[in-house]
Amino acid sequence: MLILEHRSPYDFDKTVATVVNNATARGWEAPKSFDFRASLVAHGQPDPGRITVIKLCSPQFASRMFADDDSKYVSVMAPCSISVYEKSDGRTYLAAMNMGLMARLIGGEVGRIMTDIAADDAAITAFTNAESPPSTRR
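So, here is what we can say about the structure in this document. Model, not experiment: these values are computed from the prediction.

Conventions used here
- Residues numbered from 1 in each chain as written.
- Predicted model: local features only at pLDDT ≥ 70, side-chain atom pairs only at ≥ 80, totals over all residues.
- Heavy atoms only, no water.
- Core = buried A, V, L, I, M, F, W, Y, C linked by side-chain atoms within 4.5 Å.
- Buried < 20%, exposed > 50% of the residue type's maximum accessible area, 1.4 Å probe, protein only.
- Helix = DSSP H or I, 4+ residues; strand = E, 2+ residues; numbered from the N terminus.
- Phe/Tyr/Trp six-rings, centres within 6.5 Å; stacked < 30°, edge-to-face > 60°.
- Lys NZ or Arg CZ within 6 Å of the ring centre and 35° of its normal.
- Salt bridge = Lys/Arg side-chain N within 4 Å of Asp/Glu carboxyl O.
- Polar contact = N/O pair within 3.5 Å; in protein donor to acceptor, adjacent residues only side chain to side chain.
- Axes fitted to C-alpha atoms, helices over the stretch in contact; angles between N-to-C directions.
- Parallel < 35°, antiparallel > 145°, perpendicular 65-115°, else oblique.
- Contact = heavy atoms within 4.5 Å.
- Nonpolar A, V, L, I, M, F, W, Y, C, P; charged D, E, K, R; others polar.
- Patch = residues over 30% accessible without salt bridge, like charges linked within 9 Å, V, L, I, M, F, W, Y side chains within 5 Å.
- Areas by Shrake-Rupley, 256 points an atom, 1.4 Å probe, with all protein chains shown as cover.

Let's talk about the nonpolar core
No. 1: Core analysis: the largest hydrophobic core is formed by 25 residues, its most contacted members being V19, W28, L56, M65, I82, M114 and I117.
No. 2: Of all the secondary structure elements, the ones that give two or more residues to this core are α1 (12-25), β3 (51-57), α3 (59-66), β4 (80-86), β5 (92-97), α4 (99-106) and α5 (108-124).
No. 3: Of all the elements, α5 adds the most residues to this core, at six residues.

Examining the packing of aromatic side chains
No. 1: Applying the stated rule across the entire model yields four aromatic pairs.
No. 2: Consider the rings of Y10 and F127, whose centres lie 5.5 Å apart with planes at 10°: the pair is stacked. Residue Y10 is located in the loop between β1 (3-7) and α1, and its partner F127 is located in the loop between α5 and β6 (135-137); the two are separated by 117 residues in the primary sequence.
No. 3: Taking the relative accessible area as the measure of exposure, Y10 reaches 29% and is therefore partly exposed.
No. 4: Classification of F127 as buried rests on a relative accessible area of 14%.
No. 5: Positioned over the ring face of Y10 is K14, at 4.3 Å from the centre of the ring.

Digging into the pattern of salt bridges
No. 1: A complete count under the given rule lists seven salt bridges for this structure.
No. 2: R64 is the salt-bridge partner of D116, the closest N and O atoms lying 2.9 Å from each other. Of this pair, D116 sits in helix α5 while R64 sits in helix α3, and the two are 52 residues apart along the sequence.

Let's talk about the environment of W28
No. 1: Its place among the elements puts W28 in the loop between α1 and β2 (29-35).
No. 2: Classification of W28 as buried rests on a relative accessible area of 4%.
No. 3: Sequence separation between W28 and P59 is 31 residues; the distance between their C-alpha atoms is 7.0 Å.
No. 4: Side-chain polar atoms of W28 contact the side chain of D120, separated by 2.7 Å.

Comments concerning the packing of α3 against α5
No. 1: The contact between α3 and α5 brings their axes to 10 Å, and the two run at 170°. Considered as vectors, α3 and α5 are oriented roughly antiparallel to each other. Here F61, R64 and M65 of α3 come into contact with α5, specifically with E109, V110, I113, M114, D116, I117 and D120.
No. 2: A class-by-class count of the residues in the contact of α3 with α5 yields six nonpolar, no polar and four charged.

Re a nonpolar patch on the surface
No. 1: On the surface, F34, F36 and L40 cluster together into a nonpolar patch covering about 230 Å² of accessible area.
No. 2: Within the element layout of this structure, F36 appears in helix α2 (residues 36-42).

Side note on the environment of R112
No. 1: Structurally, R112 can be placed in helix α5.
No. 2: Remark: the alpha-carbon pair of R112 and M65, spanning 47 residues in sequence, is separated by 9.8 Å.
No. 3: At a separation of 3.0 Å, a polar atom in the side chain of R112 contacts the side chain of E109.

If you want it as structure tokens, here you go:
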């Protein structure tokens, strides 16, 4: 349950655009996307299909999280990532860390901030809820 996977009702490009648009509408930034397909193929590796990891940052949450020296260690998980990919069934999926679970595991003030992040994550990916409930990956 550490990673949640959702099937998207949209094609790959519309899924990527919807994630970015939903995130920016909530005040998040989407400073970078990483195209795994392009990178792997450029390095002579087999084509894995379309896989893009979208890096997302909320200046508000990051400021709260990193204000205290005792919570700076959580920066290893920043920025947040949402992966969009196509599977061999021809459908588009997305995956993200289960921030609600992470919040419970870490606890304290960091956990409270991560609970807020989890709520935003759920809103950003809510468009997938009409298609199917999330499956869990370990």
